Amino acid sequence: MILTQSEADALIKLKKRPKNDDPIDLPDMGGKIGVPLVSLDKKESFDLDIRRGRIDLRKGTSQLRTQQIVILLRLDYNGSPHRNPDGSEIGCSHLHVYREGYADKWAYELPDGVFSDLNDHWQTLQDFLQYCSVQNTSNFRRGLFT
């Protein structure tokens, strides 16, 4: 499914929440989880994917998808650099943002003042959730190594 840029931007800004109030245990080393999200008006569905590094414990990925396969945002931190379609290279921590005609193939340097401590997985997730307009996050629970 292809979205226009304005549709993708609107979906990112749309306020969302976890689909239910069940506790969400965050993954520890090498783990991953998927969290169903829904817009506050319940008209749009999203998926939040959270993955932790298995070998490099500082590494992580958080991703927001819509329509099951369309990646709107993906934060890769403390991992490998990314090469964009134009050949430019972005550092080890970067943000993929949906771009019409390219999907999630473009990555950008992290926006100033958004991600406060990439070495703290819990804080990084909180910052990502806020950036994605996710509300009602009280059911997210830290793990032993989160």
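Please refer to the structure higher up on the page.
Everything in this summary refers to the structure shown in the same document. Every value quoted in this text rests on a predicted model; they were computed, and no experiment measured them.

## Considering helix H2 (residues 121-131)
Since the α-helix advances by 3.6 residues per turn, residues separated by three or four positions end up pointing in the same direction. Restricting attention to buried positions, one finds in H2 the residues His 121, Trp 122, Thr 124, Leu 125, Asp 127, Phe 128 and Leu 129. Of the surrounding secondary structure, the elements contacted by the buried residues of H2 are strand E4 (45-52), strand E5 (60-66), strand E6 (70-77), strand E9 (94-97) and strand E11 (140-141).

## Regarding helix H1 (residues 5-13)
By the burial criterion, the buried members of H1 are Ala 8, Leu 11 and Ile 12. All buried residues of H1 project into a common sector of 100° when viewed along the axis, lining one side. The exposed set on the far side of H1, more than 90 degrees from its buried face, consists of Ser 6 and Lys 13. At its buried positions, H1 is contacted by strand E1 (16-18), E4, E5, E6 and H2.

## With respect to empty space enclosed by the protein
Counted under the stated rule, the structure contains 1 cavity of 30 Å³ or more. Taken as a whole, the largest cavity encloses approximately 80 Å³ of empty space. Elements that contribute at least two residues to the lining of the largest cavity include exactly E4, E5 and H2. For the lining of the largest cavity, the class distribution of residues is 5 nonpolar, 4 polar and 2 charged.

## Let's talk about the sheet that holds E6
With antiparallel pairing, the 7 strands of this open sheet are ordered in space as E1-E3-E4-E5-E6-E9-E10. Among the strands making up the open sheet, the edge pair consists of E1 and strand E10 (107-108). Pairing between strand E3 (residues 32-39) and E4: 7 bridges, direction antiparallel. Residue Pro 36 lies in a different strand from E4, and its bridge partner there is Asp 47. Relative to E6, H1 is tilted by about 60°, and along the sheet it contacts E1, E4, E5 and E6. In the packing of H2 onto the sheet, the strands contacted are E4, E5, E6 and E9, and the crossing angle to E6 comes to about 150°.

Criteria and cut-off values
- Residues numbered from 1 in each chain as written.
- Predicted model: local features only at pLDDT ≥ 70, side-chain atom pairs only at ≥ 80, totals over all residues.
- Heavy atoms only, no water.
- Buried < 20%, exposed > 50% of the residue type's maximum accessible area, 1.4 Å probe, protein only.
- Helix = DSSP H or I, 4+ residues; strand = E, 2+ residues; numbered from the N terminus.
- Contact = heavy atoms within 4.5 Å.
- Arc of directions from axis to C-beta.
- 1 Å grid on protein atoms, 1.4 Å probe; cavity = no way out; pocket = protein on both sides within 12 Å on 5 of 7 lines; lining within 4 Å.
- Points joined across faces, edges and corners; volume = space filled by probe spheres on them.
- Nonpolar A, V, L, I, M, F, W, Y, C, P; charged D, E, K, R; others polar.
- Pairing = 2+ DSSP bridges.
- Axes fitted to C-alpha atoms, helices over the stretch in contact; angles between N-to-C directions.

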